[in-house]
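# Geometric and topological summary
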Amino acid sequence: MSEQKKIKNLKSFSTTADRFEGANLLCPGCAHSIIVREVLNATNDDLVLSAATGCLEVSTAVYPYTSWDASWIHIGFENASTAVAGSEAMYKALKRKGRLPQPDRKPKFVAFGGDGASYDIGFQWISGTFERGHDIMYVTLDNEVYANTGGQSSGATPIGASTTTTPAGRVSYGQKRQKKDMMSIMAAHGSPYVAQVAPNKWKDMTKKIQKGFAAEGPVYINAMSACTTEWKFPAQDTIAVSDIAVDSLMFPLYEIIGGTELNITYRPKNIVPVRDYLALQGRYKHLFKPENEHIIKKLQDDVDAKWEYLQRREEARV
Amino acid sequence: MADKMDLNDVEVWDGNMAASQALRQVQVDVVSAYPITPSTPVVENYAQFLANGYVDGEYVMVESEHAAMSGCIGASASGGRVATATSSQGFALMVETLYQASGMRLPIILEVVNRAMASPLNVNGDHSDMYLGRDSGWIQLDTFSPQEVYDMSLCAFKVAEKHHIRLPAMVHQDGFISSHTAQNVTTLTDDEAYEFVGEFQPMNSMLDFEKPATYGTQTEESWHFEHKANQHNALMTAVIPEVEKTFAEFEAKTGRKYKIVEDYYMDDADVAIIAMGTTVETAKLTARIMRKEGKKVGVIGLRLFRPFPFERLKDVLKNVKAIGTLDRSSPNGTLGMLHNEISGVVIENPNIPVMTNYIYGLGGRDITVEHLKGIFAELLANAEAGKRLQPIQRFVNLRGPELSFFK
């Protein structure tokens, strides 16, 4: 295993030199930058990074500036996975041929994409990359919506959320489709390590990222990224909303090792009702009308069922 | 270390094998590819070379042509030699990434085995895919035979990878007519071919951790225009001299002479057919026959399609009285692309020739010496009359009643 950063407390963590600078154009309160910093700070190794078209990309490499102090590539919306896979292939070729500029340094290859880029348009590219077994990490910045283009629904948008393409209205409660279960899909690829993380639970997240970096092969990370703009909460509440998200189990934190071994990594001391999570966000405001109350109940039932499933999977060890 | 292959001085290769062998000889570092008829054998042959130890780069078999070029982009930005192959629908799926590859100035080589575009589905050769790539910022070299596929592939690497060029290049060949027709190909030894192209010299590699590189930034109205203009400028000013220099070096090494505009019987030609692909060979044969009958006919074959060899064409066409432009792609609502582009050249000459446009060969439909004789006869009649005697655009060897437009 290569050298990994020891993180003892938040102070040392926050004062570590950054390879992702705060000088970027992301919205105030955007969780993307917190997630990216936590991923990059989990290693001291060299990095080759890619970003899918999206909020992160348009906000961090606007010519002639960049927020990234590492090699970085953006091709398009759908192919951030294949971009680093190509780089990883070149790394292997040049290593074999003895032509690497710094032959003793082994980089980490990390791709970032939003949920639209991952669950929807880039799904095939991710699947191909994982099937081929490239030694890379793919991180989905999951804010459950096409935020960069103004809030259209994606395959990650939960039932009941009002988006610009699934707006709540007189006869609609918003998004009607179930959120895609990317964790199970990626685990089913036989990935050595798949994990769901939240930036507010930074110790849990750092541990998982380091586990992911230590694994050989394609690693998938689904990172909850609370979106002040599209979830519609005040910019200073990102961490508060994130805390309720994990404590209500809307975003359970768990990992799947080798495609089967599931571990729950965070058990809330007090499980908060889903209703309290929804109440913090403008995108769910309409659910509190009497005619939509059944959707809140459905969301709670779904969360309960999923939590039950995760616990059973964990016990079963299969 | 890859094993070397002992080649005969003359091998019997089809166009696909010629392309595969060129890729092997230059020892591409990463091939990221997806199969499609008729270019599939290019990567199949390459896989066999790998399986037998003749190649020691990475061969990444991806899940689509879009991913193939995406992988090539990531690999090329990481400082090594990169190539792939495709055709038709696969080429169309790649189009988004073609622009991204050229915009990032990555010297990727793409072997394009030209094929028709659906619908209706058709696996045979025409130039619809080639035309689809013409605005994508790539260098496009065209070939008329397997020998030329081999030679142009070697030249393409040498030109594209030069640091003042750094543009991706396509090498085109006609589906089946060139790709699946075995012919004699005079070879270079592995050492000669590798030395001719030279060792890959990385620039701005993402794997140089002392100097991290950024690829594919965001530029809005502030800088986008300058980037695109810069790329156009490189295509317009740097590529043609470099291609001509490379052709001269290639001739010195092999004795085989290439020109960015190939011209046959043009010194005193009254009329000329302008074509691309294997049709150039058929037109050459037709011209040879008609020359014996005393007809002053000539043929132009576009070797370099992008950047467009405007000055050279202007010069070679300055004395012709009538030109037939042969487009092997459906113009879908206008004149053929080649026709429009050649018209834009000859209008700069003092004597503007009579221009006619022939749409032919779609989906692999044959074009024969007899068809070409007919076209030459029409051109000669136009030249003699000093004006066009038929509609501007005609369809050649089409079933049903004659189809013509722009009367």
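It is worth spelling out the interface of chain A and chain B at this point. The interface of chain A with chain B comprises 41 residues on the first partner and 40 residues on the second. At the level of elements, α3 (55-60), β2 (71-73), α4 (80-97) and α6 (123-132) of chain A are the ones that each hand at least two residues to the side of chain A that touches chain B. Of the residues belonging to the side of chain A that touches chain B, the class tally is 22 nonpolar, eleven polar and eight charged. Pairing between β2 of chain A and strand β9 (residues 214-215) of chain B: two bridges, direction parallel. Within the sheet, the bridge partner assigned to tryptophan 72 of chain A lies in β9 of chain B and is threonine 214 of chain B.

We now examine the domain arrangement of chain B. Residue and element names in this part refer to chain B. Entries for chain B in the domain assignment read domain 1 (10-254) and domain 2 (261-405). Across the contact, 26 residues belong to domain 1 and 21 residues belong to domain 2. Looking at the side of domain 1 that touches domain 2, the elements that each hand over two or more residues are α5 (128-132), β6 (139-142) and α8 (224-254). A total of five residues in the side of domain 1 that touches domain 2 trace back to one element, the largest contributor, which is α8. Looking at the side of domain 1 that touches domain 2 residue by residue, the classes come out as 13 nonpolar, nine polar and four charged.

It is characteristic of soluble globular proteins that their nonpolar side chains tend to be buried jointly. Residues Val110 of chain A together with Ala169 of chain B are the most contacted members of the largest nonpolar core, which totals 211 residues. Once residues within four sequence positions are removed from consideration, alanine 169 of chain B is found in contact with Ile109, Trp138, Ile139, Leu141, Ala156, Val159 and Ala160 of chain B.

Further remarks concern the pairing of strand β9 (residues 254-257) of chain A. Residue and element names in this part refer to chain A. Of the strand pairs in this sheet, strand β7 (residues 193-197) and β9 are connected by three bridges, and their pairing is antiparallel. Across the sheet, valine 194 pairs through a bridge with isoleucine 256, a residue of β9. Alignment of β9 against strand β10 (residues 261-264), held across four bridges, turns out to be antiparallel. Bridge pairing in β10 places isoleucine 257 opposite glutamate 261. Counted along the chain from β9 to the antiparallel partner β10, the turn is three residues long, and its residue glycine 258 has a positive phi close to 65°.

This part covers the sheet that holds strand β14 (residues 322-327) of chain B. Residues and elements named next belong to chain B. Read across the sheet, seven strands follow the order β10-β12-β11-β14-β15-β16-β17 without closing on themselves; strand pairing throughout is mixed. Two strands bound the open sheet, and with one partner strand each, they are β10 (261-264) and β17 (404-405). As judged from the six bridges shared by β14 and strand β15 (residues 354-359), these two strands associate in the parallel manner. Paired with leucine 326 across the bridge in β15 is tyrosine 358. This element, helix α9 (residues 279-292), spans β10, β11 (271-275), β12 (297-302) and β14 of the sheet and lies at about 165° to β12.

On to the pairing of strand β4 (residues 137-142) of chain A. All names here are of chain A. Burial within β4 is extensive, with six of its six residues counted as buried. The alternating pattern of β4 places Met137, Val139 and Leu141 on one face and Tyr138, Thr140 and Asp142 on the opposite face, and all of these are buried. Across five bridges, the pairing between strand β3 (residues 108-114) and β4 is parallel. Bridge pairing links valine 110 to methionine 137 in β4. Note: β4 against strand β8 (residues 219-224), six bridges, orientation parallel.

The next subject is helix α11 (residues 337-346) of chain B. Residue and element names in this part refer to chain B. Among all positions of α11, only Leu338, His339, Ile342 and Val345 are buried. Within α11, the buried residues cover an arc of 120° as seen down the axis, which keeps them to one side. Those residues of α11 hidden inside the fold are in contact with β11, α10 (310-316), β14 and β15.

This next bit is on unusual backbone geometry. All names here are of chain B. The omega angle of the peptide bond from alanine 118 to serine 119 is 0°, so this bond is cis rather than trans. Here the residue pair arginine 306 and proline 307 is connected by a cis peptide bond, since its omega of -5° sits within 30 degrees of zero. One can find proline 307 in the loop between β13 (304-306) and α10. Unusually for a residue other than glycine, asparagine 332 sits at a positive phi of about 45°.

Rules of the game
- Residues numbered from 1 in each chain as written.
- Chains lettered and ligands numbered in written order.
- Predicted model: local features only at pLDDT ≥ 70, side-chain atom pairs only at ≥ 80, totals over all residues.
- Contact = placed C-beta atoms within 7 Å.
- Helix = DSSP H or I, 4+ residues; strand = E, 2+ residues; numbered from the N terminus.
- Nonpolar A, V, L, I, M, F, W, Y, C, P; charged D, E, K, R; others polar.
- Pairing = 2+ DSSP bridges.
- Domains from an automatic or database assignment.
- Core = buried A, V, L, I, M, F, W, Y, C linked by C-beta atoms within 7 Å.
- Buried ≥ 20, exposed ≤ 12 C-beta atoms within 10 Å, placed from the backbone.
- Axes fitted to C-alpha atoms, helices over the stretch in contact; angles between N-to-C directions.
- Arc of directions from axis to C-beta.

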